[in-house]
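Chain and residue survey
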Amino acid sequence: MAKEKLELVEVSPRDGLQNEPDIVSTENKLALIDHIIAAGLRRLEAGSFVNPKKVPQMADGDAVFAGVPKRDDVTYIALALNLRGVERAIAAGASEINYAFCASDGFSIRNNGATVEETFAVWPDVVALAKVNGARVTATVSTAFGCPFDGEVPVAQVVKVAERCVAEDIFELALADTIGVGAPTDVHERFKAVKAAIPGHVQLRAHFHNTRNTALANAVAAVEEGVRVLDGSLAGIGGCPFAPGAAGNVPTEDLLYMFNRMGFDTGVDLDRAVEAAQFIGGVLGRKTPGMVSRAPKWPKQ
């Protein structure tokens, strides 16, 4: 019997590095991407096109997209927060746009520069621009589990934002626990509510931060709700410059080990993913949060 497929989206080149105190060179970002592809990951966030003064770690987006291997089997995603960012991403050659909205005004004003309602004004233009240029569009709803400024975010608000996102013809919608406050019960509740409110053809994706050590449990809960696309960041690096206390993402290699043991087919080589995690840890020159990359290999050979 064939194993059920589970797609992992690698976000370490973007979400993983955007909060680092030291800027990682373009050369090392491209080397990281080479490691990611060698491990078998085929969809990855290569960079973002946001204000370089606010996120200087991502200022070399054009150079990164120019330097990535040109492969038909790899999708390079660019994060954008406004129409200008989408224009820049398309000009750089991004084949997929991850457009970020927020579920809370407090975070939206700081991260997107406008209220939640105001950010939707350009949404039809964003989707139209991407499509006419051959790029597919996914929307991420950040602070879908809680906001560092507004506190708890009602499920009804998450559903409302999700419905606004899918009012345009997008292929995927992600819910993000930007500050790592969710528990599995929250994941079940929010994905169940969103799934009931949006068209069935829209693919669901989950993005978890491990601030409070709940990310792996939350990933299982998302899969139990039918989600088959999960974000991960090698070595567990990452965070958000605009969200106080937003510690690293769920480590890709930890997701891989767990879901491989659970019988899913990810198409990713765990040993190569561990090598990639160790590579970026060496670049950063510090101990990283990922556990599997620091544990003895299992099963032993």
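Structure: above.
Turning our attention to the pairing of strand S2 (residues 43-49). For S2, the tally of buried residues reaches seven of seven residues, placing the bulk of the element in the interior. Pairing between S2 and strand S3 (residues 75-80): six bridges, direction parallel. Across the sheet, residue Leu44 finds its bridge partner in S3, namely Tyr76. Chirality of the crossover, the property in question, places the unit of S2, helix H3 (residues 61-67) and S3 among those that are right-handed.

A word on the packing of aromatic side chains. Taken as a whole, this structure holds seven aromatic pairs when the rule is applied. Here the aromatic rings of Phe49 and Phe65 are separated by 5.6 Å at their centres, their planes lie at 45°, and the arrangement is tilted. Placement of Phe49 in strand S2 and of Phe65 in helix H3 is noted, with a sequence separation of 16 residues between them. There is no split in this pair, since Phe49 and Phe65 are both buried. Measuring from ring centre to ring centre gives 5.6 Å for Phe259 and Phe264, while their planes differ by 85°; the resulting arrangement is edge-to-face.

Our next topic: the environment of Ser12. Of note, Ser12 is situated in helix H1 (residues 12-16). Along the sequence, Ser12 and Gly236 sit 224 residues apart, while their C-alpha atoms lie 8.2 Å from each other. The contact partners of Ser12, leaving out residues within four places of it in the chain, are Leu17, Leu32, Ile36, Gly232, Ser233, Leu234 and Ile237. For Ser12, the side chain forms a polar contact with the side chain of Glu10, separated by 2.6 Å.

Here we come to the side chain of Thr140. Secondary-structure assignment places Thr140 in strand S5 (residues 136-142). Side chain to side chain, Thr140 and Asn98 meet in a polar contact 2.8 Å long. Sequence-distant contacts of Thr140, defined by excluding residues within four places in its chain, comprise Asn98, Tyr99, Ala100, Phe101, Ala174, Ala176 and Arg205.

With that out of the way, let us pick up the environment of Thr178. In this fold, Thr178 is placed in the loop between strand S6 (172-177) and helix H9 (184-197). Exposure remark for Thr178: the relative accessible area of 6% places this residue in the buried category. Separated by 35 residues in sequence, Thr178 and Thr143 place their C-alpha atoms 5.1 Å apart. A polar atom in the side chain of Thr178 sits 2.8 Å from the backbone nitrogen of Thr143.

The next thing to look at is the nonpolar core. Of all hydrophobic cores here, the largest spans 99 residues; its most connected members are Trp123, Leu173, Phe191, Leu230 and Phe259. For this core, the leading source of residues is helix H12 (residues 270-284), giving seven residues. Non-local contacts of Leu230, meaning those with residues more than four positions away in its chain, are made with Leu6, Glu7, Leu8, Val9, Arg205, Ala206, Ala219, Ala222, Val223, Leu255 and Phe259.

On to the side chain of Thr119. With respect to the secondary-structure elements, Thr119 resides in helix H6 (residues 116-119). Setting aside anything within four residues of it in sequence, one finds Thr119 in contact with Phe101, Ser108, Asn112 and Ala114.

The next thing to look at is helix H8 (residues 155-165). For H8, the set of buried residues is Val155, Val158, Val159, Val161, Ala162 and Cys165. End-on, the buried residues of H8 take up no more than an arc of 165°, which puts them together on one face. Close packing links the buried residues of H8 with strand S4 (96-102), H6, helix H7 (123-132), S5, S6 and H9.

Another aspect to go through is the pairing of S6. Taken across its six residues, S6 has six buried, putting it largely inside the fold. Of the two faces of S6, the one lined by Glu172, Ala174 and Ala176 and the one lined by Leu173, Leu175 and Asp177 are each fully buried. Relative to S6, S5 runs parallel, the two sharing four bridges. Pairing of Ala139 across the sheet is with Leu173, part of S6. On the question of chirality, the crossover connecting S5 to the parallel S6 by way of H8 is right-handed.

Cut-offs used in this document
- Residues numbered from 1 in each chain as written.
- Predicted model: local features only at pLDDT ≥ 70, side-chain atom pairs only at ≥ 80, totals over all residues.
- Heavy atoms only, no water.
- Buried < 20%, exposed > 50% of the residue type's maximum accessible area, 1.4 Å probe, protein only.
- Helix = DSSP H or I, 4+ residues; strand = E, 2+ residues; numbered from the N terminus.
- Pairing = 2+ DSSP bridges.
- Right-handed = clockwise from strand over helix to strand, strands pointing away.
- Phe/Tyr/Trp six-rings, centres within 6.5 Å; stacked < 30°, edge-to-face > 60°.
- Contact = heavy atoms within 4.5 Å.
- Polar contact = N/O pair within 3.5 Å; in protein donor to acceptor, adjacent residues only side chain to side chain.
- Core = buried A, V, L, I, M, F, W, Y, C linked by side-chain atoms within 4.5 Å.
- Arc of directions from axis to C-beta.

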